[in-house]
Amino acid sequence: MAAAVRLAAGRATARALVLSAGISLGVCALPFRFTERRGGKSRLRLVGEGGEVTLTALRDTGDRLTDPFSGNPVVISSEEALAPLFSLRHRQILAATAKEPPEIRMARLGKGFCLIPLRTVSGNVLSLSGKVSAVYQDGQALGPCRVVFSREPIRCEGCSAIIGGDGI
């Protein structure tokens, strides 16, 4: 009889453990479900005076970077990916000043370019940014936008740009 009680208790304990693990997993997964709704990917088409580019952007729910002048969200991508948006003169300046500090680059580029403070894993930096005339997110026209030049190419989950979790 004692063996039967131990066996029954063992099964009850195993059931309780499985049930408890399932509930715990469900509770832990809830925040990720809500994050996924805001996160994901977007297709961006950016139009500037030099041309246009199409990028796949990761919607980063932790990205709160905005244009300090308008307060609008920005697009972050590599200089290489964003360069075709600007005039030939601006592309030449960007290429010629690639190793110079962003303050000097901004002064040489002139109107339409500014510095945006950016907090990264490696610390706070000033990043060069430029203005484009139009952005389309998943086919929807959103008007002008500021783009921030990342020092490194963005390669995350097949994306070449980052935007805030709520989009542009």
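Scroll up to find the structure.
Keep in mind that this is a model prediction, so the values were computed, not measured.

Asks: Whenever I open this one, the overall build of the chain confuses me. Can you help?
Replies: From N to C terminus, the chain includes 4 helices and 9 strands. Secondary structure elements of the chain, listed N to C terminal, follow the sequence α-β-β-β-α-α-α-β-β-β-β-β-β. Burial status across the chain gives 35% buried among its 168 residues. Look at the contacts in the chain between residues 6 or more apart in sequence, and 58% of them connect residues 24 or more apart. Here the chain displays about 10400 Å² of accessible surface, and carbon together with sulfur accounts for 59% of that area.

Asks: How do you make sense of the pairing of strand 6 (residues 134-137) when you look at a structure like this?
Replies: Two faces, one strand: in a regular strand the side chains alternate between the faces of the sheet. Here strand 1 (residues 41-48) pairs with strand 6 via 4 bridges, running antiparallel. For L44, the partnering residue across the bridge sits in strand 6 and is Q137. Linking strand 6 to strand 7 (residues 140-141), which pair antiparallel, is a turn of 2 residues; within it D138 sits at a positive phi near 50°.

Asks: Explanation requested: the nonpolar core in the structure shown.
Replies: A general feature of soluble globular proteins is that nonpolar side chains tend to end up buried together. Of all hydrophobic cores here, the largest spans 23 residues; its most connected members are L46 and V75. Of all the secondary-structure elements, those providing two or more residues to this core are strand 1, strand 2 (51-60), helix 2 (79-82), helix 3 (88-96), strand 4 (113-120), strand 5 (123-132), strand 8 (145-150) and strand 9 (161-164). In contact with L46, other than residues within four places in its own chain, are G51, E52, V53, L55, V75, L82, L85, V132, A134, V135 and V147.

Asks: Looking at this model, I keep getting lost on the environment of M106. Mind explaining?
Replies: Mapping M106 onto the fold places it in helix 4 (residues 102-109). In this structure, the C-alpha to C-alpha distance between M106 and L94, residues 12 residues apart in sequence, is 9.3 Å. Sequence-distant contacts of M106, that is, excluding residues within four places in its chain, are made with F113, C114, L115 and L128.

Asks: Could you clarify how one ought to interpret the sheet that holds strand 2 in this entry?
Replies: The strands that make up a sheet are held in pairs by hydrogen bonds between backbone atoms, and each pair lies either parallel or antiparallel. The strand order across the open sheet built from 9 strands is 4-5-8-3-9-2-1-6-7, with neighbouring strands paired in mixed fashion. In the strand order of this sheet, the two ends are held by strand 4 and strand 7, each with one partner.

Asks: Could you clarify how one ought to interpret unusual backbone geometry in this entry?
Replies: Backbone geometry follows two general trends: most residues other than glycine have a negative phi, and most peptide bonds adopt the trans configuration. With a phi angle near 50°, D138 is a residue other than glycine that sits in the positive phi range. Take D138: it is sitting in the loop between strand 6 and strand 7. Here D138 falls in the partly exposed class, since its relative accessible area comes to 48%. Although it is not a glycine, E157 sits at a positive phi angle of roughly 55°.

Cut-offs applied
- Residues numbered from 1 in each chain as written.
- Predicted model: local features only at pLDDT ≥ 70, side-chain atom pairs only at ≥ 80, totals over all residues.
- Heavy atoms only, no water.
- Helix = DSSP H or I, 4+ residues; strand = E, 2+ residues; numbered from the N terminus.
- Buried < 20%, exposed > 50% of the residue type's maximum accessible area, 1.4 Å probe, protein only.
- Contact = heavy atoms within 4.5 Å.
- Areas by Shrake-Rupley, 256 points an atom, 1.4 Å probe, with all protein chains shown as cover.
- Pairing = 2+ DSSP bridges.
- Core = buried A, V, L, I, M, F, W, Y, C linked by side-chain atoms within 4.5 Å.

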